[in-house]
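Here is how the chains run, residue by residue.
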Amino acid sequence: MDTNLRKRIRAGDHSAFGDLFDAYARSVYNHAFRLTGEWSTAEDVVSLTFLDAWRLRERLDEEGGSLRPWLLGIATNVTRNTRRTARRHAAAVARLPPAEDVRDFADDVAGRLDDAAQLAAVRTALAKLRRAEREVLALCVWSGLGYEAAAEALGVPVGTVRSRLSRARTKLAKHMEPASLDGQMRGDRTTAVWPIREGNR
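What counts, and at which threshold
Residues numbered from 1 in each chain as written. Predicted model: local features only at pLDDT ≥ 70, side-chain atom pairs only at ≥ 80, totals over all residues. Heavy atoms only, no water. Salt bridge = Lys/Arg side-chain N within 4 Å of Asp/Glu carboxyl O. Helix = DSSP H or I, 4+ residues; strand = E, 2+ residues; numbered from the N terminus. Buried < 20%, exposed > 50% of the residue type's maximum accessible area, 1.4 Å probe, protein only. Axes fitted to C-alpha atoms, helices over the stretch in contact; angles between N-to-C directions. Parallel < 35°, antiparallel > 145°, perpendicular 65-115°, else oblique. Contact = heavy atoms within 4.5 Å. Nonpolar A, V, L, I, M, F, W, Y, C, P; charged D, E, K, R; others polar. Phe/Tyr/Trp six-rings, centres within 6.5 Å; stacked < 30°, edge-to-face > 60°. Left-handed = near helix turned anticlockwise from the far one by under 90°.

(A) The pattern of salt bridges, seen in detail. Overall, the coordinates contain nine salt bridges when judged by the stated rule. For Arg8, the salt bridge identified is with Asp19, shortest N-O distance 3.7 Å. Of the two residues, Arg8 is situated in helix 1 (residues 2–10) and Asp19 in helix 2 (residues 14–36); the sequence distance between them amounts to 11 residues. The exposure class of Asp19 is partly exposed, given its relative accessible area of 33%. What emerges from the salt-bridge pattern is a single network uniting Arg130, Glu133, Arg167 and Lys171.

Written as structure tokens, this is what we have:
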């Protein structure tokens, strides 16, 4: 299926691109959320990823397997650019005069969520990882890509994927309480802390 789909996409077949979106939009969304931790940003990343995929369709190899590594690689690059833009925006806002303090009721609502403490602990631990380590963790652990597919998505050697993933796991274990990790990390795969891990397609 994917080989035929690749050829149709390269040829600019809009119906094929719709099939591509239907098949992989959820995987791209979950991957983007795991990298950003923000639902709205993840939605933006999905839109931009498929726009870039359409723009880059002629570079897609006609032969090959699943298109997930290709799309997740594009999503990873889009996320990097999105985060850079957000940092520039935040820096610009920080230079503005301070506004009058207004109570944020969203914090009260968030405080009632049962998993708020665990989510905060995970996000804090992930924030201490290097960007490259977070990306490999998201691809191999939560999106379920093998080392070779992750290497294809990132455009790096397989050995680099292995070493980054090893460092990421070591750092996470160090920065999180054992209870927080219980049930999350299992060998080369984990149950996702955020949306559930997708199956391989």
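Structure's up, so let's keep going.
(B) How the structure looks around the packing of helix 8 (residues 147–154) against helix 9 (residues 158–175). Where helix 8 meets helix 9, the closest approach of the two axes is 8 Å, and the angle between their N-to-C directions is 105 degrees. When the axes of helix 8 and helix 9 are compared, the pair comes out roughly perpendicular. Touching Tyr147, Glu148, Ala150, Ala151 and Leu154 of helix 8 are Val158, Val161, Arg162, Arg164 and Leu165, all from helix 9. Tallied by class, residues from the contact of helix 8 with helix 9 come to seven nonpolar, no polar and three charged.

(C) Representation of the packing of aromatic side chains. Taken as a whole and assessed by the stated rule, the structure comprises five aromatic pairs. Pairing Phe17 with Trp54 gives two aromatic rings, centres 5.1 Å apart and planes at 85 degrees, and the pair type is edge-to-face. Highlighted residues: Phe17 in helix 2 and Trp54 in helix 3 (residues 39–55), separated in sequence by 37 residues. According to the relative accessible area criterion, Phe17 is buried, its value standing at 12%. Ring geometry for Phe33 and Trp39: centres 3.8 Å apart, planes at 15 degrees, overall stacked.

(D) Spatial organisation of the packing of helix 2 against helix 7 (residues 131–142). At their nearest, the axes of helix 2 and helix 7 sit 10 Å apart, and the two run at 140 degrees to each other. Compared by their axis directions, helix 2 and helix 7 come out oblique. Read as a crossing pair, helix 2 and helix 7 show a hand that is right-handed. Contact with helix 2, carried on its side by His31, Arg34 and Leu35, involves Arg134, Glu135, Ala138, Leu139 and Trp142 of helix 7 and no other residues of that element. Tallied by class, the residues present in the contact of helix 2 with helix 7 amount to four nonpolar, one polar and three charged.

In short, the description is geometric, and any link to function would need to be established separately.
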